[in-house]
Amino acid sequence: MAAKRGRQTVRGMFQSLGVIMVAAGVMYLFIPHDEDAEPVKAKDYRVELITAQRAAPYPVMAPEGLGDGWKATVVSYKREQANAWQLGFLSPDTQYVSVNQSTAEAKKYVPKVTHEAKNTGKTQTVAGQVWQRWEGPKYDALVRTDGGATTVVTGTASFETLAEMAGALRSKQV
């Protein structure tokens, strides 16, 4: 009697597995699959930028004149977090590049937004401005402090791409 019960349990398990596989197959067939669709939708950040420029106690930066293929993906301004401004992009070669600004203390703020990058002691001049180079296990960064805020251009992109973003940054007072 025990052997018969064991066979019923195994048979029930395989029957249940078969029903689940059929259900998964039906769902796969009816869920649309568009491989040609763009995986990342560009975000319009103009309203948030104007809001941040009005509220922030420093000149809020955003890029102007970037080439084709750059897509804004993240935008936020958090006054309660030391006036933190973030504007994230996907570069044409699908690397993440983010512009971060804050009035927070640079030695705490920069490691936070760069995921623990460290100052290399090297500098890089971009569009006539000197930026510190930081390197990290996840993100590299170009950093400068000016106008009461620390500006960090960081991401998975190369220093060349980070410099392209840093060179495009402009500030407009509202």
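Residues numbered from 1 in each chain as written. Predicted model: local features only at pLDDT ≥ 70, side-chain atom pairs only at ≥ 80, totals over all residues. Heavy atoms only, no water.

Participant: Hey, could you go over the pattern of salt bridges for me, with residue numbers and the actual values?
Facilitator: Evaluated as defined, the whole model comprises three salt bridges. For Lys107, the salt bridge goes to Glu105, with nearest N and O atoms at 3.6 Å. Take Lys107: its relative accessible area is 62%, and that puts it in the exposed class. (Salt bridge = Lys/Arg side-chain N within 4 Å of Asp/Glu carboxyl O. Buried < 20%, exposed > 50% of the residue type's maximum accessible area, 1.4 Å probe, protein only.)

Participant: If you had to explain unusual backbone geometry to someone new, which residues and values would you point to?
Facilitator: Its identity as a non-glycine residue notwithstanding, Thr94 has a phi of 60°, on the positive side. The residue Thr94 is located in the loop between strand E3 (84-90) and strand E4 (96-102) in this model. Judged by its relative accessible area of 55%, Thr94 falls in the exposed class. In this model, Ala127 sits at a positive phi of 50°, which is unusual for a non-glycine residue. Mapped onto the secondary structure, Ala127 falls in the loop between strand E5 (118-126) and strand E6 (129-135). (Helix = DSSP H or I, 4+ residues; strand = E, 2+ residues; numbered from the N terminus.)

Participant: Go over a nonpolar patch on the surface with me, naming the residues and quoting the values.
Facilitator: Residues Val10, Met13, Phe14, Leu17 and Met21 make up a contiguous nonpolar surface patch of roughly 530 Å² in combined accessible area. Turning to its location among the elements, Leu17 is positioned in helix H1 (residues 2-30). (Patch = residues over 30% accessible without salt bridge, like charges linked within 9 Å, V, L, I, M, F, W, Y side chains within 5 Å. Areas by Shrake-Rupley, 256 points an atom, 1.4 Å probe, with all protein chains shown as cover.)

Participant: Can you break down the layout of surface pockets residue by residue, with the values?
Facilitator: Approximately 310 Å³ is the volume attributed to the largest pocket. Lining the largest pocket are 19 residues, and of these Gln86, Asn100, Tyr109, Lys112 and Val113 sit closest to its centre. For the lining of the largest pocket, the elements supplying multiple residues, two or more each, are strand E2 (71-78), E3, E4 and helix H3 (106-113). The residue inventory of the lining of the largest pocket, partitioned by class, reads seven nonpolar, eight polar and four charged. The space that makes up the second largest pocket amounts to roughly 240 Å³. Taken together, 17 residues make up the lining of the second largest pocket; nearest its centre are Met61, Gln129, Arg144, Asp146 and Thr151. (1 Å grid on protein atoms, 1.4 Å probe; cavity = no way out; pocket = protein on both sides within 12 Å on 5 of 7 lines; lining within 4 Å. Points joined across faces, edges and corners; volume = space filled by probe spheres on them. Nonpolar A, V, L, I, M, F, W, Y, C, P; charged D, E, K, R; others polar.)

Just distances and angles here, no functional claims.
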